[in-house]
Amino acid sequence: MQPDQTASIISLQNVSKFFGNFQALTDVNLEIKRGEKVVICGPSGSGKSTLIRCINRLEAHNGGDIFVDGVRLHERMKEIQAVRTQVGMVFQQFNLFPHLTVIENLMAAPVWVHGKDKAKSREKAMGLLDRVKIADQAEKYPIQLSGGQQQRVAIARALCVEPQVMLFDEPTSALDPEMVSEVLETMMDLARSGMTMICVTHEMGFARAVADRVIFMDKGQIVDADSPEAFFAGNRNPRAQAFLDEILSH
Amino acid sequence: MFADTVVAENRLKNPLFLAGIALAIAAVIWLLNPTVLMQRLLEQEDDIGQMQRVIVSGAVAGAIAINLLVLSLLPRMVQRVLVYAELFAIVLAFAAVFDLDFAFIVEKLPYMVSQGVVTTLYVSAISIVIAFCVAMLAAIAKLSTSELARSVATFYTSVFRGLPLLMQLFLIYLGLPQLGFNITALPAGIIALSLYYGAYMTEIFRAGIMSIPQGQWEASRALGFGFGRTMMRIILPQAVPVVVPPTGNMFIAILKDSSLVSVIGIWELMYLSRNLGSATFNHMEMLLTAAAIYWILTIILEIGQSKLERHYSRSSSR
């Protein structure tokens, strides 16, 4: 089913998610277009991580519907596998495979999951490592790299399977301040190349520079959604304003 | 172990402490009253008098205390070599007390090795392999989402860790034939060892798999890995270094517990050690020889284990 170019690549319709009795997401509606860059921000516990983890089924939503590139997400493995190869994810804790070298980390999914040719995958992986400016570390193990380098490897690894959408779950929150900028640089570069990106982040400078839309979540609901200019230039919503004041005062 | 920066003072250098240690050791020796050893020491056939008992206890204790003091003052590597040497000398002295007939040992040794050691080795090896496979399956079953698999595996580990190995051996060897399975001693022994140690190793593997951070599973799933590939390529390779020390323990235990199958008549090392010497009353010769052989085999396994541990620590060191 070929979706038309102006349709949404990700569509969330009345999505709800419960953890036991606690409602993490309440009636979330969100349409994301191809090539759009969306930043999701909000206080902790607002459900922002839960939201993007529902998109690649790391969490299972309880109510509503999620469509990724026309495919409706539910429990069946076949659909989930198809979605996961179209949606790449970068984690706060990097989650690189410590027993594999950097280049092997990148080649893991293409060679072992999709059966691609090893030599071609290696070439492609080296190309990606070049793009994130870390090609000289290809034969090192993750433990030998700094946090910023590890996160860039993680981004390259997610890109290696050629996803249509990239999800970022607070990618710079676990990094020392001096390494945050190298990762944000990489993400901005990726944005300029036209990738559809959904980023949960507190980095408002990044949002201002790159986002097409800034979404503010609180207590499991989308409270505000605006272009970055409108969002940062004095807000209608008091909760969003309070959060912004808190964050920007650093 | 956390080596604190504070160096503990050597209390043995304190003469009062040293005297106290010597007194304690003397009291223990006096209470134990090892008359045969004391007679050997004084080279006399007559009984040990009260005065002699006190003097020997005191002298031996004093020698031990001074030995400890001298050891504590030497450099670390020298200490290590000397302590091993002294403990080994004690073991040899223990053996020497029995006035062993070495000619007898030399005569029986080839048969002990060709029949006893070989049988012990292949019973242990086959059991290790089967236990390993059973444990891998049961560990994954216990961690799976299938309630059937989980219940069966939990029942298995409960039953086979719940009964003594010797009892399981008898139940299998004597019970199965009554149900119509004509099982001989060798398969019965191997089955009992495999199932018993398989249950223990199940728990070790399960703990090893659970020790891998959740993030590894999430990253694998996000990249499109299914359960099987995640286990084979990502989780198990990381779990192996974690389980090597406790599994090495289990292998050593299987080697030694293979001695239990002697009670159902398998001619492995333990059986031979009790039977070869009984006709001529040379029990200690055979037992001590078998003991030495078991120890040597175990040391070989320990060396193998530490080589494996060093191999796996490569990718986790900067």
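In case you missed it, the structure is sitting above this.
Computed from a predicted model, the values in this text were never measured in an experiment. For every chain, the first residue of the written sequence is number 1, and numbering continues from 1 onward in sequence order. Lettering for chains starts from A, numbering for ligands starts from 1, and both go in the order in which the items are written. Local features in this predicted model are restricted to residues whose pLDDT is 70 or higher, and side-chain atom pairs enter the listing and the counts only when it is 80 or higher, whereas totals over whole chains, interfaces and linings include all residues. Each side-chain value is derived from all of the structure's non-hydrogen atoms; neither hydrogens nor water enter the calculation.

(A) Molecular detail of the overall build of chain B. Elements are defined by DSSP. Helices are runs of H or I of four residues or more, strands are runs of E of two residues or more, and each kind is numbered from the N terminus. Looking only at helices and strands, one finds 12 helices and 0 strands in chain B. Each helix and strand of chain B, ordered N terminal to C terminal, gives the series α-α-α-α-α-α-α-α-α-α-α-α. By the compact-globule yardstick of 20 Å for 318 residues, chain B is too spread out, its C-alpha radius of gyration being 26 Å. Principal-axis analysis of the C-alpha atoms places the extent of chain B at approximately 80 × 60 × 30 Å. Three labels apply to residues, based on accessible area from a 1.4 Å probe with only protein chains included: buried if under 20% of the type maximum, exposed if over 50%, partly exposed otherwise in between. By residue count, 36% of the 318 residues in chain B fall in the buried class. Positive charges come from Lys and Arg, negative ones from Asp and Glu, while His and the chain ends are left out of the count. We put the charge of a Lys on NZ, of an Arg on CZ, of an Asp on CG and of a Glu on CD. Taken as two groups, the 20 positive and 18 negative side-chain charges of chain B have centres that lie 17 Å from each other. In this treatment the radius of gyration is a C-alpha quantity, and the globule benchmark scales as 2.2 Å times the residue count to the 0.38 power.

(B) Expanded view of the layout of surface pockets. Residues and elements named next belong to chain B. Computed from the structure, the largest pocket encloses a volume of approximately 730 Å³. Along the walls of the largest pocket sit 20 residues, with Leu37, Val60, Ile64, Ile90 and Ala93 positioned nearest its centre. Counting residues per element, the ones that place at least two in the lining of the largest pocket are helix H1 (15-32), helix H2 (35-42), helix H3 (50-73) and helix H4 (76-96). Both site types are read off a 1 Å grid over the protein atoms alone. A 1.4 Å probe that fits but cannot get out defines a cavity, while an open set with protein on both sides within 12 Å along at least five of seven lines defines a pocket; lining residues have an atom within 4 Å of a point. Grid points are joined across faces, edges and corners, and a volume is the space filled by probe spheres set on the points.

(C) Spotlight on the packing of H2 of chain B against H3 of chain B. Residue and element names in this part refer to chain B. Between H2 and H3, the shortest axis-to-axis distance is 11 Å and the interhelical angle comes to 80 degrees. Taken together, the axes of H2 and H3 lie roughly perpendicular to each other. Contact with H2, carried on its side by Met38, Leu41 and Leu42, involves Gln52, Arg53, Val56, Ser57 and Val60 of H3 and no other residues of that element. Amino acids are sorted into nonpolar (Ala, Val, Leu, Ile, Met, Phe, Trp, Tyr, Cys and Pro), charged (Asp, Glu, Lys and Arg) and polar (every other residue, Gly among them). Partitioned by chemical class, the residues of the contact of H2 with H3 number 5 nonpolar, 2 polar and 1 charged. Axes here refer to lines fitted to C-alpha atoms; in helices the fit is confined to the stretch in contact. Angles between the N-to-C directions go from 0 to 180 degrees. Orientation categories follow fixed angle ranges, with anything under 35 degrees roughly parallel, anything over 145 roughly antiparallel, 65 to 115 roughly perpendicular, and all other angles oblique. Note on definitions: a residue-residue contact is assigned when non-hydrogen atoms from the two residues lie within 4.5 Å.

(D) Inspection of the sheet that holds strand E1 (residues 8-19) of chain A at higher detail. All names here are of chain A. One open sheet accounts for 4 strands, arranged E2-E1-E4-E5; its pairing is antiparallel. Among the strands making up the open sheet, the edge pair consists of strand E2 (22-33) and strand E5 (71-72). Across 2 bridges, the pairing between strand E4 (residues 63-68) and E5 is antiparallel. If you follow valine 68 over to E5, its bridge partner there is valine 71. Only strands joined by at least two bridges in the DSSP assignment are considered to pair.

(E) The packing of aromatic side chains, seen in detail. Think of it this way: a Phe, Tyr or Trp ring, Trp meaning its six-membered ring, pairs with another when their centres are within 6.5 Å, and the plane angle makes it stacked under 30 degrees, edge-to-face over 60, tilted otherwise. Inspection of the entire model under this criterion finds 12 aromatic pairs over all chains. Aromatic side chains phenylalanine 231 of chain A and phenylalanine 232 of chain A sit 5.4 Å apart centroid to centroid with 90 degrees between the ring planes, which places their arrangement in the edge-to-face category. When its relative accessible area of 0% is taken as the criterion, phenylalanine 231 of chain A is described as buried. Here phenylalanine 232 of chain A falls in the buried class, since its relative accessible area comes to 14%. Between the aromatic rings of tryptophan 217 of chain B and phenylalanine 227 of chain B, the centroid separation amounts to 5.9 Å while the plane-to-plane angle is 20 degrees, which identifies the pairing as stacked. Pair noted here: tryptophan 217 of chain B is in helix H9 (residues 214-222) and phenylalanine 227 of chain B is in helix H10 (residues 227-257), with a separation of 10 residues, a long-range link. Through pairs of rings, three or more aromatic residues link up here, namely Tyr196, Tyr197 and Tyr200 of chain B. Put simply, a charge is over a ring when the Lys NZ or the Arg CZ is close to the ring centre, within 6 Å, and near the line of the ring normal, within 35 degrees. Directly above the aromatic system of phenylalanine 97 of chain A lies the positively charged group of arginine 157 of chain A, at a separation of 4.5 Å from the ring centroid. The ring centre of tryptophan 30 of chain B lies 4.2 Å from the NZ or CZ of arginine 53 of chain B, which sits over that ring.

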